[in-house]
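One-letter residues, chain by chain:
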Amino acid sequence: NLLLDFYLNYKKDFDAISSNLDATAGYSWQSFRWQGNSFTQVNTGEHKGFQAYPTNYYRNDLKLVSFFGRINYTFMDRYLATVTLRQDGTSRFSKNHRWGTFPSVSLAWRIIDEAFMEPTRSVLSDLKIRASWGITGQQDIGDDFFPYMPIYTIGNNGNSAPNTTAYPNIIPDGKGGFINVIKPNGYNSDIKWEETTTWNFGIDFGFLNNRIAGNLEVYKRKTKDLLTWATVPAGSNLTNAMNTNIGDLENTGIEFNINTRPVVTRDFTWTSDFNISWNKNKITKLTDGDDPGYFIATGGISAGTGTNIQAHMVGHPAYSFYVYQQVYDVNGDPIEGQFVDRNGDGQITEADKYIYHSRDPKVVFTWNNTFNYKNWDFGMVLRANIGNWVYNDFEAANTSISSTSSAPLSNLMSNRFLFNDLGVRGVQSDYFVRNASFLRCDNITIGYTWPNLLNDALRLRLYGAVQNPFVITKYNGLDPEVFGGIDNAVYPRPVTVSFGIVAQF
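Residues numbered from 1 in each chain as written. Predicted model: local features only at pLDDT ≥ 70, side-chain atom pairs only at ≥ 80, totals over all residues. Heavy atoms only, no water.

Q: How should the overall build of the protein chain be read in this particular structure?
A: A count of helices and strands for the protein chain gives two helices and 29 strands. The buried share of the protein chain, reckoned over its 505 residues, is 34%. Counting contacts in the protein chain only where the partners sit at least 6 residues apart, residues at least 24 apart contribute 62% of the total. (Helix = DSSP H or I, 4+ residues; strand = E, 2+ residues; numbered from the N terminus. Buried < 20%, exposed > 50% of the residue type's maximum accessible area, 1.4 Å probe, protein only. Contact = heavy atoms within 4.5 Å.)

Structure below.
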């Protein structure tokens, strides 16, 4: 990874008009390279035996180039304006779509500094309103470095006498040898930058010399040409799935943050910080679908071949679960193979699937508290997601008796409802989509400080801490906090206990 940055900064105060200017312009260049090869053993003869030869050499390059500029202007220390402009280029896209231009503007007014606010300053210590608009770009699509280019793959199994049935990309040449077939891969010559336009309005406030301070944000984000890995119609390309621009997405949200010191005495201080946010996302356009029922399948699961559990559909959140509606008996247990005929045509088909919740939480909050009593300190951080749902892939793959390889069923999950045979529809039931809302304690810390040891030459603090001590949730999987909303590759979060000493001389 090579990085090269240049920037030039200019600052100037204009005392005559009580203003100042801060301007920056720059250039950035970055290069990434992944390269290497694997080795295989080939039998070179009776006496020489097996020899290792390099095969499957690969090299992938990614280059990013940016030109950027920013101007900050302040007038009378209370009227503020910022204008930025970036032009970014990426080697991921073709020359027709390689560059993206991303501007932004933000304005702020420190109302507290106005003369008419003088009577309120004994209580109100800060008040500022601000608004901004800007466009940002996204080109990161993982390890797909040349999605716009027609790339070919050479078939090779590394053996001196390959099995042409097992390796269809290798065919006999009629002379006792074999020909490596070159296979074309899928590509999208029109893939381009994903762009997000954001409108933001905020208020910053403070009371009682900022003993109570915080901010309120209202925002709206519109993303167009959304980049994601998605299936493509059969016959339209040389693959069934690829990275592509699938459509437009809209996010609307509110964030509130408050920092307080509720109690301040000579011996005891309580500091409390609270942040809460609400967000709603909705797909507003899909590039290839005018039909209101059109969707793009995504979210692969372990059951079946190419089975997906999520979908992108206009009017619904991205990565919503797209499932069959399970029928239950009087005891609340799922009736195997029974689903609701939602379209009323007398049969259960793909047309009976429906959108059922989203992987993304509706509300997220964090609450951080610190208590100091004389030389003691105690801290706790709580965090919660509310309204997020998870597909329990582990349970769907391990509660069907037909999936066991022998009579003892010890490989099936215990304390779960067991199915005789789920089938393809069964694993796509809303029964396995679970409410994964949670309240998690990230850490608890307690400590004691000796501030004046060795005639004020040493300050010593002894502390103990616990990370991830508990989580409260109704979700019955290993962990409700699952990135992507499909619970199939989660590493258990450990509970970590630590002790430490901090010495300052």
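Q: Honestly, the nonpolar core in this entry has me stumped. Any pointers?
A: Burial of nonpolar side chains together is a common tendency in soluble globular proteins. Among the nonpolar cores identified, the biggest contains 17 residues, and I309, Y391, F432 and V433 are the most heavily contacted of them. Elements supplying a minimum of two residues to this core: β19 (320-323), β22 (354-358) and β25 (389-391). Counting residues in hydrophobic clusters, the runner-up holds nine residues, among them L226, L286, I296 and A318. (Core = buried A, V, L, I, M, F, W, Y, C linked by side-chain atoms within 4.5 Å.)

Q: What am I meant to see in the sheet that holds β19 here?
A: Pairing between sheet strands relies on hydrogen bonds along the backbone, with the strands arranged either parallel or antiparallel. With antiparallel pairing, four strands are arranged side by side in an open sheet as β17-β18-β19-β22. The outermost strands of the open sheet, each flanked by one partner alone, are β17 (295-300) and β22. Here the average twist between neighbouring strands, direction ignored, is 45°. Taken together, the five bridges between β17 and strand β18 (residues 308-313) define a ladder with antiparallel strand orientation. When the sheet's bridge partners are listed, I296 is paired in β18 with H312. (Pairing = 2+ DSSP bridges. Axes fitted to C-alpha atoms, helices over the stretch in contact; angles between N-to-C directions.)

Q: Teacher, can you tell me more about the environment of T74 here?
A: With respect to the element layout, T74 can be found in strand β3 (residues 50-75). With relative accessibility at 15%, the residue T74 sits in the buried group. Expressed as a C-alpha distance, the spacing of T74 and D22, which sit 52 residues apart in the sequence, is 8.8 Å. Filtering out sequence-adjacent residues up to four positions away, T74 remains in contact with S18, S19, N20, Y79 and L80.

Q: Help me out: how do you make sense of the pattern of salt bridges in this one?
A: Pairing between side chains of opposite charge can happen when the charged atoms of each approach one another. All told, the structure shown has 25 salt bridges when counted by the stated rule. As a salt-bridge pair, R130 and D204 come within 2.8 Å of each other at their nearest N and O atoms. Of this pair, R130 sits in strand β6 (residues 124-138) while D204 is found in strand β11 (residues 194-207), placing the two residues 74 residues apart along the sequence. Each member of the pair R130 and D204 is classed as buried. D360 serves as the salt-bridge partner of R359, at 3.5 Å between the closest nitrogen and oxygen. Bridged by salt links that share partners, the residues R383, R440, D442, D479, E481 and R493 form one connected network. (Salt bridge = Lys/Arg side-chain N within 4 Å of Asp/Glu carboxyl O.)

Q: Honestly, unusual backbone geometry in this entry has me stumped. Any pointers?
A: Glycine aside, negative phi is the norm for most residues, and most peptide bonds take the trans geometry. With a phi angle near 60°, Y319 is a residue other than glycine that sits in the positive phi range. Mapped onto the elements of the fold, Y319 is located in the loop between β18 and β19. Non-glycine residue K374 carries a positive phi angle of around 50°. Secondary-structure assignment places K374 in the loop between β23 (363-373) and β24 (376-386). Exposure remark for K374: the relative accessible area of 53% places this residue in the exposed category.

Q: How should the side chain of Q139 be read in this particular structure?
A: Structurally, the position occupied by Q139 is in the loop between β6 and β7 (152-154). Judged by relative accessible area, Q139 falls into the buried class, the value being 10%. In terms of polar contacts, Q139 uses its side chain to reach the side chain of T90, at 3.0 Å. Reaching out from Q139, the side chain makes a polar contact with the side chain of R92 at a distance of 2.7 Å. (Polar contact = N/O pair within 3.5 Å; in protein donor to acceptor, adjacent residues only side chain to side chain.)

Q: Whenever I open this one, the side chain of D225 confuses me. Can you help?
A: As for its position among the elements, D225 is in the loop between β12 (212-224) and β13 (227-231). Setting aside chain neighbours within four positions, we find D225 in contact with K192, W193, E194, N245, G247 and D248.

Q: Whenever I open this one, the confidence of the model for the protein chain confuses me. Can you help?
A: For any part of a model where pLDDT is low, the fine detail of the predicted coordinates should not be relied upon. Scored by pLDDT, the protein chain comes out at a mean of 89, with 90% of its residues at no less than 70. Predicted confidence for residues 157-168 stays below pLDDT 50, and this span has 15 contacts to residues more than four positions away or in other chains. (pLDDT = per-residue confidence, 0-100.)

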